[in-house]
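Results of the structural survey
Chain by chain, the residues run as shown.
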Amino acid sequence: MSKQTYVPALLKLFRQFGYEGVTLSKISQETGLGKASLYHHFPGGKAEMAEAALTQVNQWLEMKILKILVEHPINQDLQRTPIDRFQAMCDEASHFFNQGQNSCLWAVLVMEQSSDDLFHTQIRWAFSQWIAAIAQVLIAAGMAETLAQQRGEDAMIAIQGALILSHGLKDFAPFQRVIQHLPQQLCQGISSQGMKIVADEIG
């Protein structure tokens with residue numbers, strides 16, 4: 001089997017234990033691969049395994065979240081107002097994070113010095129792209145650029161903070177509540193004309 005087969009298991013491990021907490025024995029147990037097989041698929045060792053997991057998360061961002069927010073939809077019947085885009089974004093995020101039960105790999109890696117040193121560029125890119133995509137929708141709807149950027153940053157603070165709080169409390173209601181209210185909060189202050197935005201304006 002290709003190494004891509006084992007990436008979901010690696011993602012699960014790095015989300016759960018962090019970069020420093022994941023050992024080769026844990027990886028072997030989760031993937032069913034011995035040490036030799038692991039290094040056959042991932043010659044760069046644990047760093048390459050973590051990078052593969054991070055790449056999968058960044059691909060999810062590109063293929064799902066960014067397409068929802070800024071790309072012209074193939075199906076012209078799709079709802080295209082800002083709040084519809086943000087609702088679809090939140091629905092996808094809720095699914096990806098399993099209603100708050102899955103930790104965010106970006107946050108897990110950035111909190112550890114060793115993994116942040118290795119992957120900071122990729123993590124910064126991911127957060128920046130998501131923030132910029134939210135801001136682009138809001139700017140196209142008539143919001144000032146500075147405020148739109150701040151709204152995008154606030155959305156990341158809300159999502160990441162809710163994930164951390166939910167895991168700290170072992171109660172996933174805070175994450176679900178944030179996801180439920182975020183579309184309306186992002187669109188607060190947009191005029192009715194701005195709410196009629198069509199895909200061509202931001203595609």
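Residues numbered from 1 in each chain as written. Predicted model: local features only at pLDDT ≥ 70, side-chain atom pairs only at ≥ 80, totals over all residues. Heavy atoms only, no water.

1. Overview of the nonpolar core
Counting residues in hydrophobic clusters, the biggest one holds 61 residues, and the most contacted among them are F14, L69, F86, M89, W106, W130 and I134. At the level of secondary structure, the elements contributing two or more residues to this core comprise helix 1 (7–21), helix 4 (46–70), helix 5 (82–96), helix 6 (105–110), helix 7 (113–140), helix 8 (145–169) and helix 9 (173–186). For this core, the element with the most residues is helix 4, which contributes 12 residues. (Core = buried A, V, L, I, M, F, W, Y, C linked by side-chain atoms within 4.5 Å. Buried < 20%, exposed > 50% of the residue type's maximum accessible area, 1.4 Å probe, protein only. Helix = DSSP H or I, 4+ residues; strand = E, 2+ residues; numbered from the N terminus.)

2. Here's the deal with the pattern of salt bridges
Applying the stated criterion across every chain, the model contains 2 salt bridges. In this structure, the salt-bridge partner of E48 is K3, at a minimum N-O distance of 3.1 Å. Of the two residues, E48 sits in helix 4 while K3 sits in the segment before helix 1, which places them 45 residues apart along the sequence. For K3, a relative accessible area of 35% gives the class partly exposed. Of the charged contacts, one joins K12 and E30 as a salt bridge, the two residues approaching to 3.5 Å between their closest N and O atoms. With K12 in helix 1 and E30 in helix 2 (residues 24–31), this pair connects stretches of sequence that are 18 residues apart. Given the relative accessible area of 47%, K12 is considered partly exposed. Its relative accessible area of 34% is what places E30 among the partly exposed residues. (Salt bridge = Lys/Arg side-chain N within 4 Å of Asp/Glu carboxyl O.)

3. Concerning the state of the cysteines
One pass over the full model with this rule turns up 0 disulfides. You can see C90 has no disulfide; the closest cysteine sulfur is in C187, sitting 9.8 Å from it. Here C104 stays free of any disulfide, with the sulfur of C90 as its closest cysteine sulfur at 14 Å. (Disulfide = S-S within 2.5 Å.)

Remember, this is a structural readout, not a statement about activity or role.
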